[in-house]
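Here's the letter readout for the chains.
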Amino acid sequence: MVSQTDQPNGHRTPIDDEALARQKAIDDWLPITSSRNAKWWYSAFHNVTSMVGAGVLSLPYAMAQLGWGPGVVALVLSWVVTLYTLWQMVEMHEVVPGKRFDRYHELGQHAFGEKLGLYIVVPQQLIVEVSVGIIYMVTGGKSLKKFHDLVCKDCKDIKLSFFIMIFASVHFVLSHLPNFNSIAGVSLAAAVMSLSYSTIAWSAAIHRGVQSDVQYGYKAKTTVGTVFNFFNGMGQVAFAYAGHNVVLEIQATIPSTPEKRSKGPMWKGVVIAYIIVALCYFPVALIGYWMYGNSVQDDILISLEKPVWLIAMANLFVVIHVIGGYQMYSMPVFDMIETVLVKKLNFKPTTLLRFFVRNIYVALTMFVGITFPFFGGLLGFFGGLAYAPTTYYLPCIMWLAICKPRKFSLSWWTNWICIVFGVLLMVISPIGGLRQIILDAKTYKFYS
């Protein structure tokens, strides 16, 4: 009798079948791979939700730190470069026939090797996704507070900490939606809200008109201050274009066959998303700065006070949008944690496990958000440190490693230019952001 492990080549053993069945059961449970029936328009609104986040509201402030010329160049160049790198990621999703790279780190492992790929991609991706969660906690809380203060001017003042807790309470419920496709409704609402509040932001700024004492010169009085602010402004622009960290995970939800690959519908959705991104970013950044100059706040809606009902509504729209954005960026984190627990530590894939993992994660991001609510500085610091690599140049390095374009060809030059631009961004942005955090911290009282 042939033992289970000594079967002739070409025949699977019962042990193999059992392992495959277990693997399939786990994949059917994990958030990224459990549902693959998304349509192309899912790609459109998921990409809008993941990209047009809190960052759009800080773009006039970034313009004030960069100035007209460099600011416009940074905005346009970032739009072009990130659209190109996003196209590369969509193409590389199925670069190996019959295999799908459903997660950013899986593509990294294919490009750089099993271990090195993990070490390069996972820490950066986690920094991006966890920091977005923290920043969205702060943004959601600030926007709720602003809404409360506008609607109820005579009410007792409530601490920002409590508003962040109220915002977090929604996620203790929503975080239990199992996968990407189950948050499609939340994501669609978020995408609509992002276009709505962006439109309100620039149209209300036009309604207010150019301020009488408007100044377009750099705000800082010293050269050192101006340079550091410039660095921080670059980081905020980088943060605004940070949707790449979830793009492979979004594409993983779209069905794919040899005849009809997933990249067709995915790219269609991406192009529409990028048109919407342009409609949100450029008017807000340019009109906001034009009207307020260097006195604009790090959140344009804070600079706008009237008409009260419209600004209150815009702040509510921001809250709804960042609810969707938080879920978009949390799903890959849940997937990573649950993969480690189930595949490496052999936990059973149960609802109870998911309940504890996700609640602990929401609680941690809420706690950090309450402790360090430095909005502008956080954007600049994280924008450069992790968003620049994963968005601006890591896809280019992977493209060079996997697709191997001919030396000195157009593709080769394009990728190297993007890499140099991205590395510069990664080096200078955190410096400005960290300085901004230190300045904010001097006047900040914990849990105020």
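Remember, it's a predicted structure, so these values are computed and weren't measured experimentally.

**Thoughts on the overall build of the chain**
Line of reasoning, step 1. Regarding its fold elements, the chain presents 16 helices and zero strands.
Line of reasoning, step 2. Since a compact globule built from 448 residues should have a radius of gyration of about 22 Å, the 23 Å found for the chain is in line with a globular shape.
Line of reasoning, step 3. Sorting the 448 residues of the chain into buried and exposed places 56% on the buried side.
Line of reasoning, step 4. For the chain, the exposed area adds up to about 19200 Å²; of that, 69% sits on carbon and sulfur atoms.

**Notes on the packing of helix H6 (residues 114-151) against helix H14 (residues 351-371)**
Line of reasoning, step 1. Relative to each other, H6 and H14 sit at 60°, their axes nearing to 8 Å. The angle between the axes of H6 and H14 places the two elements in the oblique class. Between H6 and H14 lies a crossing of right-handed hand. On the side of H6, the interface is formed by Glu129, Val130, Gly133, Ile134, Met137 and Val138, while H14 contributes Tyr361, Val362, Thr365, Met366, Val368 and Gly369.
Line of reasoning, step 2. Of the residues assigned to the contact of H6 with H14, the class counts are eight nonpolar, three polar and one charged.

**A short note on the nonpolar core**
Line of reasoning, step 1. Formed by 119 residues in total, the largest nonpolar core has its most connected members in Val56, Tyr241 and Tyr281.
Line of reasoning, step 2. Residues within four places of Tyr241 in sequence aside, it is in contact with Met51, Leu75, Ser78, Trp79, Thr82, Tyr274, Val277, Tyr281, Phe282, Thr391 and Tyr392.
Line of reasoning, step 3. Among the nonpolar cores identified, the runner-up in size contains seven residues, and Leu30, Val342, Leu353 and Val357 belong to it.

**Let's talk about the state of the cysteines**
Joining two cysteines, a disulfide is a covalent bond between their sulfur atoms.
Line of reasoning, step 1. Counted according to the given criterion, the structure contains one disulfide.
Line of reasoning, step 2. Each sulfur of the disulfide joining Cys152 and Cys155 lies 1.4 Å from the other. Looking down the S-S bond of the Cys152 and Cys155 bridge, the torsion is 50°, so its handedness is right-handed.
Line of reasoning, step 3. Classification of Cys152 as partly exposed rests on a relative accessible area of 25%.
Line of reasoning, step 4. Since its relative accessible area comes to 33%, Cys155 is described here as partly exposed.

**Focus: helix H11 (residues 263-292)**
Because each turn of an α-helix spans 3.6 residues, side chains separated by three or four positions end up pointing in the same direction.
Line of reasoning, step 1. With 30 residues, H11 should cover 44 Å at 1.5 Å per step; its first-to-last C-alpha distance of 42 Å lies within 8% of that length.
Line of reasoning, step 2. At the C-terminal side of H11, Gly293 shows a positive phi close to 60°.

**Section: the pattern of salt bridges**
Line of reasoning, step 1. Across all of its chains, the model carries 10 salt bridges by this definition.
Line of reasoning, step 2. Its salt-bridge partner being Asp157, residue Lys145 comes within 3.0 Å of it at the nearest N-O pair. Of this pair, Lys145 sits in helix H6 while Asp157 sits in the loop between H6 and helix H7 (160-174), placing them 12 residues apart in sequence.
Line of reasoning, step 3. Look at Lys145 and you get buried, because its relative accessible area is 19%.
Line of reasoning, step 4. Salt-bridge contacts for Arg358 lead to Glu338; the nearest nitrogen and oxygen are separated by 2.9 Å. One end of the pair, Arg358, is in helix H14; the other, Glu338, is in helix H13 (residues 308-344), with 20 residues separating them in the sequence. Each member of the pair, Arg358 as well as Glu338, is classed as buried.
Line of reasoning, step 5. Here the salt bridges do not stand alone but share partners, grouping Arg103, Glu106 and Asp335 into one network.

**A short note on unusual backbone geometry**
What is expected of a backbone is that most residues other than glycine have negative phi and most peptide bonds are trans.
Line of reasoning, step 1. In this structure, Asn346 takes a positive phi of about 60° despite not being glycine.
Line of reasoning, step 2. Structurally, the position occupied by Asn346 is in the loop between H13 and H14.
Line of reasoning, step 3. Positive phi outside glycine occurs at Phe408, with the angle close to 65°.
Line of reasoning, step 4. By secondary structure assignment, the location of Phe408 is in the loop between helix H15 (375-402) and helix H16 (410-442).
Line of reasoning, step 5. Classification of Phe408 by relative accessible area gives exposed; the value is 54%.

**Some points on a nonpolar patch on the surface**
Line of reasoning, step 1. Where nonpolar side chains cluster on the molecular surface, the patch consists of Trp68, Val72, Val76, Val80, Val210 and Trp290 and spans about 500 Å² of accessible area.
Line of reasoning, step 2. You can see Val80 is positioned in helix H4 (residues 68-92).
Line of reasoning, step 3. Assessed through its relative accessible area of 46%, Val80 is described here as partly exposed.

**A few points about the environment of Ala25**
Line of reasoning, step 1. Residue position: Ala25 is located in helix H1 (residues 14-29).
Line of reasoning, step 2. Taking the C-alpha atoms as reference points, Ala25 and Ala242, separated by 217 residues in sequence, lie 32 Å from one another.

**Structural notes on the side chain of His93**
Line of reasoning, step 1. Mapped onto the elements of the fold, His93 is located in the loop between H4 and helix H5 (104-112).
Line of reasoning, step 2. For His93, the residues in contact, after removing those within four places along its chain, are Lys99, Arg100, Phe101, Asp102, Leu248, Gln251, Ala252 and Ser262.

**Here we look at helix H8 (residues 184-208)**
Line of reasoning, step 1. The terminal C-alpha atoms of H8, which comprises 25 residues, lie 36 Å apart, in line with the 36 Å expected from a rise of 1.5 Å per residue.
Line of reasoning, step 2. Directly after H8, the chain includes Gly209, whose backbone phi takes a positive value near 80°.

**Here we look at the confidence of the model for the chain**
Line of reasoning, step 1. Here the chain shows a mean pLDDT of 85. Residues at 70 or above account for 91%.
Line of reasoning, step 2. Across the chain, element-level confidence peaks in H7 with a mean pLDDT of 94 and bottoms out in helix H12 (residues 300-303) with 75.
Line of reasoning, step 3. Note on residues 1-7: pLDDT under 50 across the span, and seven contacts to partners over four residues away in sequence or across chains.

**Details of the packing of aromatic side chains**
Line of reasoning, step 1. Under the defined criterion, the tally for this structure stands at 18 aromatic pairs.
Line of reasoning, step 2. Taking the ring centre of Trp40 as reference, the NZ or CZ of Lys268 above it sits at 4.4 Å.
Line of reasoning, step 3. Between the NZ or CZ atom of Arg354 and the centre of the ring of Trp29, over which it lies, the distance is 4.2 Å.

**So, the environment of Ala168**
Line of reasoning, step 1. Mapping Ala168 onto the fold places it in helix H7.
Line of reasoning, step 2. The buried category is assigned to Ala168, whose relative accessible area is 0%.
Line of reasoning, step 3. On a C-alpha basis, the gap between Ala168 and Tyr136 in space is 9.7 Å, while along the polypeptide they are 32 residues apart.

Here is what the cut-offs are and how they apply
Residues numbered from 1 in each chain as written. Predicted model: local features only at pLDDT ≥ 70, side-chain atom pairs only at ≥ 80, totals over all residues. Heavy atoms only, no water. Helix = DSSP H or I, 4+ residues; strand = E, 2+ residues; numbered from the N terminus. Rg over C-alpha atoms; globule rule 2.2 N^0.38 Å. Buried < 20%, exposed > 50% of the residue type's maximum accessible area, 1.4 Å probe, protein only. Areas by Shrake-Rupley, 256 points an atom, 1.4 Å probe, with all protein chains shown as cover. Axes fitted to C-alpha atoms, helices over the stretch in contact; angles between N-to-C directions. Parallel < 35°, antiparallel > 145°, perpendicular 65-115°, else oblique. Left-handed = near helix turned anticlockwise from the far one by under 90°. Contact = heavy atoms within 4.5 Å. Nonpolar A, V, L, I, M, F, W, Y, C, P; charged D, E, K, R; others polar. Core = buried A, V, L, I, M, F, W, Y, C linked by side-chain atoms within 4.5 Å. Disulfide = S-S within 2.5 Å. Expected span 1.5 Å × (residues − 1). Salt bridge = Lys/Arg side-chain N within 4 Å of Asp/Glu carboxyl O. Patch = residues over 30% accessible without salt bridge, like charges linked within 9 Å, V, L, I, M, F, W, Y side chains within 5 Å. pLDDT = per-residue confidence, 0-100. Phe/Tyr/Trp six-rings, centres within 6.5 Å; stacked < 30°, edge-to-face > 60°. Lys NZ or Arg CZ within 6 Å of the ring centre and 35° of its normal.

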